[in-house]
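Read off the chains here:
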Amino acid sequence: MRSLQRDEAVARFDLLTLASYDVSLDLRGEETFTSRTVIELVSRGGETFLDLKPVSLETIRLDGAALPVDALAEGRYPLSLAAGEHRVEVEATMPFRNDGEGLHKAIDPSDGRAYVYQMSFMSAAPSVFACFDQPDLKAPYTLHVTTPPDWNVTANAPGREEAPGIWEFEQSQPLSTYFTCLVAGPYRRIADSHDGIDLGLLCRSSMIGALEADADELLTMTKQCFDEFHRLFGIRYAFGKYDQAFVPEFNAGAMENPGCVTFREPLLFTTKVPRALRVQRATTVAHEMAHQWFGNLTTPTWWDDLWLNEAFAEYMGNRVTAEVTEFSEALVWASLARKNWGLTSDSRPSTHPVAGNGATDADAALQDFDGISYSKGHAVLTQLADRVGDEVFFGGVREHFETHRFGNATMQDLFGSWERAGAGDLETWTTAWLRTAGLDRIELDREAGALVRTTPAGETVDREHALDIAQWQGSWSTSEVLVASGLTRISVGTDTPVVLDPRDTAWADLTLDPVTAAALPALLPRTRDPLLRATIWNTARNGVHHARLDPDTAVDLLVAGIPNEEQDTAVGVLGVWAGDDGEGARATVHEKLLTVVRSPDTARARLHAAFTERADTAPAGSDLQLAALQAAIGTAPTPTYLRALLDGELPEGVELDSGLRWRVLKRLTSLAATDLDELDRELAVENDAKTQLAHAWCRARMPDPEAKAWAWQRFTGEVNASNYEIEAVGTGFWQSGREDLLTPYVSRYFGEVPGTAQVRAGWGLADAAHYFFPITVVSPETLALADEVLAGEGLNRSLRRMLVDAADELRCRLTARARYGG
């Protein structure tokens, strides 16, 4: 399918004004559904096209006259529209999908019942209904849905069941096509209300116990966030009711569809989880609520300003969560869990400016929907808010919303509002932080008594960095410094340990100098400030990634610091960094410490002992204890410890629920200490969506040719698999130390990955290639094969971007090994 070009979108916007959509969906089919669309519009006269991606097009009419159905090509139907009012009517058969886009259909293994949800972002709406699919052609929608009689349906606007299986919805507010959503199936709903807004929480029937257990927490934070957003913005929520649905096999963290927000189902906890995951969920809830104003009420005109949607929601979500909910540690969580994602993205060859991406077409915009848009965007908006103050910041935001209510706007519109509110001329700041790519490196030069700033090669923009420095003089003392040139003088002792940016306000490539790195193992037990510790951990991870910190020194830091770490988020993040290949699945090609140390077995044993000590000394039943135990499982060097856990030898306060049990089974599989029979027996005890995915991960991990062949069929598309199964199987497939079994698949991967564009599209295409990338085979030969594919012609852009980043990660690991002897 062709990607919409910017000039095509401009031409279509200039030609059309949309009055309304009327969409009727019959969801009673097994593999397909019927879609009928009526579009009322005004044309200024000219040629254009309708977006439509059906299984088959049954009829299309323009002002009552039938048009030939065979004119549809590459998802576009050409239209010649005279000036004036027109009515377009389309009837088509559409596919239920299993890749997390369009109208996704999933079967609950617990009861065999079907669940459906719509994900229209970024260009999937045309696989649900005929439309003019671009963000600035907004219109109100009226929806009619026919379903099996036991289904429940919710959508953007309020609706009701008129007769069994017949659902009618009110006309919505004007929406961009990518916001249209419905959630349909035997979902259970918990209802509430607040300040005149009807609230709802939805989940699959088999998960209602988990939803009921967390409903008070979710509804309380939703109410708190509504109150705070109303106070800060001075504009009420504009979309009537507010449903939040936890849906199966969802690609993103969540999607901000007005009135019908969808969340990935793993954010509904069926087993005990560390508090860090509840913080993550809380910030996600607040993030999507912020979008109801920034993104939904006022929407970017084109995808080049999509970063602003996400950066604003990231900033507001983290801030409001920390300020008005029980999760006051949200900013520490964001530092530990999100910042390195952005820093790493900004150091890749694929780095790009925060602003102005996706200017060519929609596919290009999707490639830059990354840690720079979210994490760096959050950092620079935080910097801007601190610079201008809340009165100016929110004054500009309010003017922006009022001026462009239910419409579209650009970055220039918003910055103009800020300048009129009193921010002053922001052009220099915008050029430095939003329109210039890459990271400045800031390092301590003790001999010069200065901080040295190095800009990215080829960049001439001068970026100022306001940050603190912390020095150890019996305790940590901080002072402010402005890094405004290549050399900034500071006063520092020859042997004084120094940590840069202890308040986590800077966006820069920071390093632990040798004196500090050597001193920190003794100082970490005496360092209590959680944000300072988070900065130490982030700087250590960054140093290893860029081969400026010996990985074995990083192990020393973890061994010294983990037993006294008080933040379960830190323990969890470090556990993933130090843990098993394939754990932390959504970060498969991010750094893994044990892939670059000199002796992985020795390092693993030391780290396991540190995590075990933290689990043993943490308060019984605490989130900290659970996070440490999970990390101890992921670093277990032998099966003995793991089998003892399965036999009930657990720390006081720990229950071996299915989540923990399958974590143990995964590590046993990595150690080749279990077999398929045991895994099958465990699955039979509790067979649900989560345990099936854990079982699939383990089967792909098993060190035998049959298991690898089974997994590979899912990568190539020979066997159809859902997006979540692809993730589980791909992240389970590769493992360090199994090169004899896996090496043949390295060349197969690079030979076959270009062809996966024929069996997948959208997010699922790059995700599958990402999960199956041979990241554990760290060798010059693997890197050469990646570079060879990248040098070829005709590679899909999503695949190219993913391979550029993965190859860069391999290059970083090879550099670290070469420099430090790993």
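Residues numbered from 1 in each chain as written. Predicted model: local features only at pLDDT ≥ 70, side-chain atom pairs only at ≥ 80, totals over all residues. Heavy atoms only, no water.

### A word on empty space enclosed by the protein
So, step 1. A full pass over the atoms with the stated rule returns six cavities of 30 Å³ or more.
So, step 2. By volume, the largest cavity amounts to about 170 Å³.
So, step 3. If you trace the largest cavity, you find 17 residues lining it, with Y141, L143, N156, T180 and C181 closest to the centre.
So, step 4. Sorting the residues of the lining of the largest cavity by element identifies β1 (16–26) and β10 (141–146) as the ones contributing at least two each. (1 Å grid on protein atoms, 1.4 Å probe; cavity = no way out; pocket = protein on both sides within 12 Å on 5 of 7 lines; lining within 4 Å. Points joined across faces, edges and corners; volume = space filled by probe spheres on them. Helix = DSSP H or I, 4+ residues; strand = E, 2+ residues; numbered from the N terminus.)

### Structural notes on helix α25 (residues 762–771)
So, step 1. Most of α25 is tucked away, with eight of its 10 residues classed as buried.
So, step 2. When α25 is considered as a whole, its buried residues turn out to be W763, G764, L765, A766, A768, A769, H770 and Y771.
So, step 3. On its buried side, α25 packs onto β9 (114–119), α7 (362–367), α22 (705–716), α23 (723–733), α24 (739–752) and α27 (797–820). (Buried < 20%, exposed > 50% of the residue type's maximum accessible area, 1.4 Å probe, protein only. Contact = heavy atoms within 4.5 Å.)

### Overview of the packing of helix α17 (residues 623–634) against helix α19 (residues 658–670)
So, step 1. One way to put it is that α17 packs onto α19 with a least axis distance of 9 Å and a crossing angle of 20 degrees. The angle between the axes of α17 and α19 places the two elements in the roughly parallel class. Between α17, through L626, L629, Q630, I633 and G634, and α19, the contact on the second element is made entirely by L660, R663, V664 and R667.
So, step 2. Here the residues of the contact of α17 with α19 sort into five nonpolar, two polar and two charged. (Axes fitted to C-alpha atoms, helices over the stretch in contact; angles between N-to-C directions. Parallel < 35°, antiparallel > 145°, perpendicular 65-115°, else oblique. Nonpolar A, V, L, I, M, F, W, Y, C, P; charged D, E, K, R; others polar.)

### Concerning helix α18 (residues 639–646)
So, step 1. Among the residues making up α18, those that are buried are L642, A644, L645 and L646.
So, step 2. In this structure, the buried side of α18 is in contact with α17 and α19.
So, step 3. Phi for G648, located one or two positions after α18, is positive at around 100 degrees.

### Here's the deal with the confidence of the model for the chain
For any part of a model where pLDDT is low, the fine detail of the predicted coordinates should not be relied upon.
So, step 1. The share of residues in the chain with pLDDT of 70 or more is 99%, and the mean pLDDT across the chain is 95.
So, step 2. The model gives residues 585–589 a pLDDT under 50, and that stretch makes 22 contacts with residues more than four places away or in other chains. (pLDDT = per-residue confidence, 0-100.)

### Structural notes on the sheet that holds strand β23 (residues 450–454)
So, step 1. Spatial ordering of the open sheet is given by β26-β23-β22-β28, a layout of four strands whose pairing is mixed. Among the strands making up the open sheet, the edge pair consists of β26 (487–489) and β28 (509–510).
So, step 2. Two elements, β23 and β26, share three bridges in a ladder whose sense is antiparallel. Opposite V452, over in β26, you have L487 as the bridge partner. (Pairing = 2+ DSSP bridges.)

### A closer look at the sheet that holds strand β19 (residues 260–264)
So, step 1. Pairing is mixed across the open sheet formed by five strands, whose spatial order is β15-β16-β17-β19-β18. Unpaired on one side and paired on the other, β15 (188–194) and β18 (254–255) mark the two borders of the sheet.
So, step 2. Examined bridge by bridge, strand β16 (residues 197–203) and strand β17 (residues 242–247) share four bridges and lie parallel to one another. In the sheet register, L202 faces β17, and the bridge partner there is A245.
So, step 3. Each of β15, β16 and β17 is contacted by helix α2 (residues 208–233), which is oriented at about 145 degrees to β16, the strand it contacts most.

### A few points about the packing of aromatic side chains
Ring pairs (aromatic) are described by centroid distance and by the angle formed between their planes.
So, step 1. Applying the stated criterion to the full structure yields 51 aromatic pairs.
So, step 2. For the ring pair F33 and F96, a centre distance of 5.1 Å and an interplane angle of 45 degrees mean the geometry is tilted. One end of the pair, F33, is in strand β2 (residues 32–43); the other, F96, is in strand β7 (residues 84–97), with 63 residues separating them in the sequence. Across the pair, F96 and F33 agree in class, each one buried.
So, step 3. If you follow K105 out to its NZ or CZ, it ends over the ring of F96, 4.5 Å from the centre.
So, step 4. Positioned above the aromatic ring of F733, the side-chain terminus of K708 is 4.9 Å from the ring centre. (Phe/Tyr/Trp six-rings, centres within 6.5 Å; stacked < 30°, edge-to-face > 60°. Lys NZ or Arg CZ within 6 Å of the ring centre and 35° of its normal.)

### Some words on the pairing of strand β8 (residues 102–107)
Each regular strand shows side chains that alternate between the opposite faces of the sheet.
So, step 1. Counted residue by residue, β8 has five buried out of six residues, so it is predominantly covered.
So, step 2. By the bridge criterion, two bridges tie β7 to β8 in an arrangement that is parallel. Residue pairing across strands places F96 opposite L103, the latter belonging to β8.
So, step 3. Strand direction decides the pairing type here: β8 and β9, joined by six bridges, are antiparallel. Looking at the pairing, L103 lines up with Q118 of β9.
So, step 4. Counted along the chain from β8 to the antiparallel partner β9, the turn is six residues long, and its residue G112 has a positive phi close to 75 degrees.

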